[in-house]
Amino acid sequence: MKKKQYETLLIEDMVREQYNLPLHSHTYYEMIYVYKGTGQHFLNNNVFNYKTGDLFLLSPEDKHYIVYSKPTRLIFIKFTDAYFKDNKYLSPDNLFINSPLSMMRKQILKEEKLIFDEPCKTILRKTIENILSYNCKPNITSSPLVFFQILSIFGLVREAADKFNIRIDDGAPNNEDLISYINQNIYDPQKIRIKSISSHFNIAENYFSSYFKRNFDVSFREYLDDYRIKLIEKRLEFKQNTIKQIANEFGFTDESHLTNYFKKHKNTSPSQYTNKLKQTL
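Visitor: Got a minute to help me understand the pairing of strand S5 (residues 39-43) in this structure?
Guide: Working note: regular strand, side chains alternate between the two faces of the sheet. Within S5, four of the five residues are buried, leaving the element largely enclosed by the surrounding structure. Taken together, the five bridges between S5 and strand S6 (residues 46-50) define a ladder with antiparallel strand orientation. Paired with His-41 across the two strands is Phe-48, which belongs to S6. Taken together, S5 and the strand that follows it, S6, pair antiparallel across an intervening segment of two residues, in which Asn-44 is found at a positive phi of about 55°.

Visitor: What's the story with the side chain of Asp-225 in this structure? I'm lost.
Guide: As for its position among the elements, Asp-225 is in helix H9 (residues 220-238). Overall, Asp-225 belongs to the buried group, its relative accessible area being 11%. Engagement of the side chain of Asp-225 in a polar contact is seen with the side chain of Tyr-261, the distance being 2.7 Å. The contacts of Asp-225, once residues within four sequence positions are left out, are Tyr-261 and His-265.

Visitor: Hey, could you run me through the sheet that holds strand S8 (residues 64-68) in this one?
Guide: Pairing between the strands of a sheet comes from backbone hydrogen bonds, and it takes one of two forms, parallel or antiparallel. Read across the sheet, three strands follow the order S6-S5-S8 without closing on themselves; strand pairing throughout is antiparallel. For this open sheet the edge positions go to S6 and S8, each flanked by a neighbour on one side alone. Direction aside, neighbouring strands of the sheet carry axes that sit 20° apart on average. One ladder, built from five bridges, connects S5 with S8; its direction is antiparallel. Within the sheet, the bridge partner assigned to Gln-40 lies in S8 and is Val-67.

Visitor: Where do I start with the nonpolar core in this structure?
Guide: In a soluble, globular protein the nonpolar side chains are often hidden away together inside. Met-31, Ile-77, Phe-79 and Ile-150 are the most contacted members of the largest nonpolar core, which totals 36 residues. Mapped onto this core, the elements with two or more residues apiece are strand S2 (9-16), strand S4 (29-36), strand S7 (55-58), strand S9 (72-79), helix H1 (81-86), helix H3 (100-104), helix H4 (120-134) and helix H5 (144-163). With 10 residues, the top contributor of residues to this core is H5. Excluding anything up to four places from it in sequence, Phe-79 contacts Gln-5, Thr-8, Leu-9, Tyr-28, Tyr-29, Met-31, Phe-84, Leu-101, Met-104 and Phe-154.

Visitor: Help me understand the pairing of S7, please; the structure alone is not making it clear to me.
Guide: Here S7 shows no split at all, with Leu-55 and Leu-57 on one side and Phe-56 and Leu-58 on the other all buried. In the sheet, S4 pairs with S7 via four bridges, with the strands oriented antiparallel. Bridging across to S7, Ile-32 finds its partner in Phe-56.

Visitor: Sorry if this is basic, but what is going on with the pattern of salt bridges here?
Guide: When their charged atoms lie close together, side chains carrying opposite charge are able to pair. Counted by the stated rule, this structure contains 10 salt bridges. For the salt bridge of Arg-228 with Asp-225, the shortest nitrogen-to-oxygen distance reads 3.6 Å. Of the two residues, Arg-228 and Asp-225 are both situated in helix H9; the distance of three residues between them amounts to about one turn of the helix. Judged by relative accessible area, Arg-228 falls into the buried class, the value being 9%. Each of the salt bridges in this network shares a partner with another, and the network as a whole consists of Lys-51, Asp-54 and Lys-113.

Basis of the calculations
- Residues numbered from 1 in each chain as written.
- Predicted model: local features only at pLDDT ≥ 70, side-chain atom pairs only at ≥ 80, totals over all residues.
- Heavy atoms only, no water.
- Buried < 20%, exposed > 50% of the residue type's maximum accessible area, 1.4 Å probe, protein only.
- Helix = DSSP H or I, 4+ residues; strand = E, 2+ residues; numbered from the N terminus.
- Pairing = 2+ DSSP bridges.
- Polar contact = N/O pair within 3.5 Å; in protein donor to acceptor, adjacent residues only side chain to side chain.
- Contact = heavy atoms within 4.5 Å.
- Axes fitted to C-alpha atoms, helices over the stretch in contact; angles between N-to-C directions.
- Core = buried A, V, L, I, M, F, W, Y, C linked by side-chain atoms within 4.5 Å.
- Salt bridge = Lys/Arg side-chain N within 4 Å of Asp/Glu carboxyl O.

And the structure:
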């Protein structure tokens, strides 16, 4: 059974004596806050004894169901991928590196229950209550107030995880690792596409260019072109390869593609470049 949701954000306040859904998954992401009650939460292959104040994070890959020990009030905050995309203009920069959605998918959060101590426990409850209070508004999906309240929940999750040495953030990539990855894959055009690098280092694709510029004081495209041109120059200087072989090595479609690329950046063709080298010897 897979529950579907078409709204980008949906808040549900459920008070029942028994949870009626069997084992199921969702097409969306779901925060479950235990406002009151006790019972067991069966999540994937794990069983958690829940109590008032507990919070669970579920992604579309997860399967779960709940068994009440005592009448329980659960608050569900459900959102799709589109919710954070639609509100990205409100998001601080670090969310593009470690997005809330990637946090929701962390396997460690399906194996360990987060424990909120004070004052975080009280802040979490008040934040949930703030969201519930605003749920009567018709524009909740585009409300900055609600969006920032939800972001604050992720901040509390991070803090709780840090206190118990649970690593849920991949962290920003090491600059040396990022450059090393680019240098090693300079011969494979597919691997050095922004989409591929962003995926490899868990950086939002639409944020990667500004992230690279800020960390290396040069645009990603400039760095890529400069490094590739230097390598091609070395190939030409050592005369070990033909133009065709160099084109194949760096993933150019043919010799003319390489020639046009080299001309654009050096104002001379590869053959003219090698001829000038001969004249200087």
